[in-house]
Amino acid sequence: MKSLLILRHAKSSWKHPELTDHDRPLNKRGKRDAPRMGEILRSEHLIPEAIISSTAARAHVTAEAVAKASGYKGKIALNRSLYAAGPEAYLKVLHELSDHYKRVLVVGHNPGLEELLEMFTDETQLMPTCTLAHVKFSIDSWTELDYKTKGQLAGIWQSRDLS
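All values reported here derive from a predicted model rather than from experimental measurement.

Conventions we followed
Residues numbered from 1 in each chain as written. Predicted model: local features only at pLDDT ≥ 70, side-chain atom pairs only at ≥ 80, totals over all residues. Heavy atoms only, no water. Helix = DSSP H or I, 4+ residues; strand = E, 2+ residues; numbered from the N terminus. Rg over C-alpha atoms; globule rule 2.2 N^0.38 Å. Buried < 20%, exposed > 50% of the residue type's maximum accessible area, 1.4 Å probe, protein only. Phe/Tyr/Trp six-rings, centres within 6.5 Å; stacked < 30°, edge-to-face > 60°. Lys NZ or Arg CZ within 6 Å of the ring centre and 35° of its normal. Pairing = 2+ DSSP bridges. Axes fitted to C-alpha atoms, helices over the stretch in contact; angles between N-to-C directions. Contact = heavy atoms within 4.5 Å. Parallel < 35°, antiparallel > 145°, perpendicular 65-115°, else oblique. Nonpolar A, V, L, I, M, F, W, Y, C, P; charged D, E, K, R; others polar. Expected span 1.5 Å × (residues − 1). Polar contact = N/O pair within 3.5 Å; in protein donor to acceptor, adjacent residues only side chain to side chain.

Asks: Mind showing me how you'd approach the overall build of the chain here?
Replies: When its secondary structure is counted, the chain shows four helices and six strands. Listing each helix as α and each strand as β along the chain from the N terminus yields β-α-β-α-β-α-β-α-β-β. For a compact globule of 163 residues, the expected C-alpha radius of gyration is about 15 Å, and the chain comes in at 14 Å, within 12% of that figure. Projected onto its principal axes, the C-alpha coordinates of the chain cover approximately 45 × 30 × 30 Å. A burial count over the chain gives 51% of its 163 residues as buried.

Asks: Is there a simple way to explain the packing of aromatic side chains in this structure?
Replies: For any pair of aromatic rings, the description consists of the separation of the ring centres together with the inter-plane angle of the planes. Under the criterion given, the structure shown has one aromatic pair. Consider the rings of Phe 120 and Phe 137, whose centres lie 4.9 Å apart with planes at 80 degrees: the pair is edge-to-face. One end of the pair, Phe 120, is in helix α4 (residues 112-121); the other, Phe 137, is in strand β5 (residues 131-137), with 17 residues separating them in the sequence. Under the relative-accessibility criterion, Phe 120 is labelled buried at 0%. Looking at Arg 24, its charged tip hangs above the ring of Trp 14, at a distance of 3.7 Å from the centre.

Asks: Explanation requested: the sheet that holds strand β3 (residues 76-79) in the structure shown.
Replies: Backbone-to-backbone hydrogen bonds pair the strands of a sheet. The strands run either parallel or antiparallel. Strand order in this open sheet of six strands is β3-β2-β4-β1-β5-β6, and the pairing throughout is mixed. Where the open sheet ends on each side, the last strands, each with one partner, are β3 and β6 (152-158). Strand-to-strand twist in this sheet, taken as the mean axis angle between neighbours without regard to direction, amounts to 20 degrees. Two strands pair when backbone bridges link them, and strand β2 (residues 50-54) and β3 are joined in this way by four bridges, in the parallel orientation. In the strand pairing of β3, Ser 54 is matched with Asn 79. In the packing of α4 onto the sheet, contacts are made with β1 (2-8), β4 (103-108), β5 and β6, and the angle to β1 comes to roughly 150 degrees.

Asks: When you look at unusual backbone geometry in this model, what are you seeing that I'm missing?
Replies: Outside of glycine, negative phi angles account for most residues, and trans bonds account for most peptide bonds. Residues Asn 110 and Pro 111 are joined by a peptide bond in cis, for which omega reads 5 degrees. One non-glycine residue, Cys 130, adopts positive backbone phi at about 60 degrees. Topologically, Cys 130 is positioned in the loop between α4 and β5. When its relative accessible area of 0% is taken as the criterion, Cys 130 is described as buried.

Asks: Would you mind showing me how to read the packing of helix α3 (residues 87-95) against α4 here?
Replies: The axes of two packed helices give the description: the angle between them and the distance between them. α4 packs onto α3 with a crossing angle of 70 degrees between their chain directions and a minimal axis gap of 8 Å. Between α3 and α4, the angle falls in the class roughly perpendicular. Two secondary-structure elements touch here, α3 through Pro 87, Tyr 90 and Leu 91 and α4 through Gly 112, Leu 113, Glu 115, Leu 116, Met 119 and Phe 120. Residue composition of the contact of α3 with α4, grouped by class: seven nonpolar, one polar and one charged.

Asks: I'm lost on the environment of Ile 76 in this one. Help?
Replies: Checked against the element boundaries, Ile 76 lands in strand β3. Along the sequence, Ile 76 and Ser 53 sit 23 residues apart, while their C-alpha atoms lie 7.0 Å from each other.

Asks: Can you help me understand the environment of Lys 11 in this one?
Replies: When you line up the elements, Lys 11 lands in the loop between β1 and α1 (28-43). Residue classification places Lys 11 among the partly exposed positions, given a relative accessible area of 31%. Distance in space between the C-alpha atoms of Lys 11 and Lys 150 is 29 Å, their sequence separation being 139 residues.

Asks: Which parts of the structure should I look at to understand α1?
Replies: For an α-helix, 3.6 residues make a turn, and residues three or four places apart therefore share a direction. With 16 residues, α1 should reach 22 Å at 1.5 Å per residue; the first-to-last C-alpha distance of 24 Å fits that figure. In this fold, the buried residues of α1 make contact with β1, α2 (57-70), β4, β5 and β6. For α1, the N-terminal cap is Asn 27; the gap from its side-chain oxygen to the backbone nitrogen of Arg 29 is 3.0 Å. Immediately downstream of α1, the backbone of His 45 shows phi near 60 degrees, a positive value.

Pasting the structure below:
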């Protein structure tokens, strides 16, 4: 069994038009919501064994806040290929994982994350900023994931639902 946690970055700021899209920081709401998702991971006993994030500032900072609040002790792997990526980039990154990892968190962007979630679950779910989805797979190796692999949507949490 493998478990994939899919997290869209928290809300970003548009206050600095001189910054590239890749370099946009989190806004006040994003800084508030990201740790709350980490608390969800901790309270649901879903602390990942590995975290892989897009290199975009808003995704990386989200990953750091979630990791800290969840109690995650490992390093966060940054992967530029996840920036503005579709499902194929996530599949490639997941295929490279050691099968030692049972539960992995990926932090990235839409529309790629919504497409990835739909591909794996056959369910259409909106993933506004700072939405977390948990998908369970009946596989033994990350290399078994492909476009036809189906998992079970075990949970979805949106920042607007948090108190």
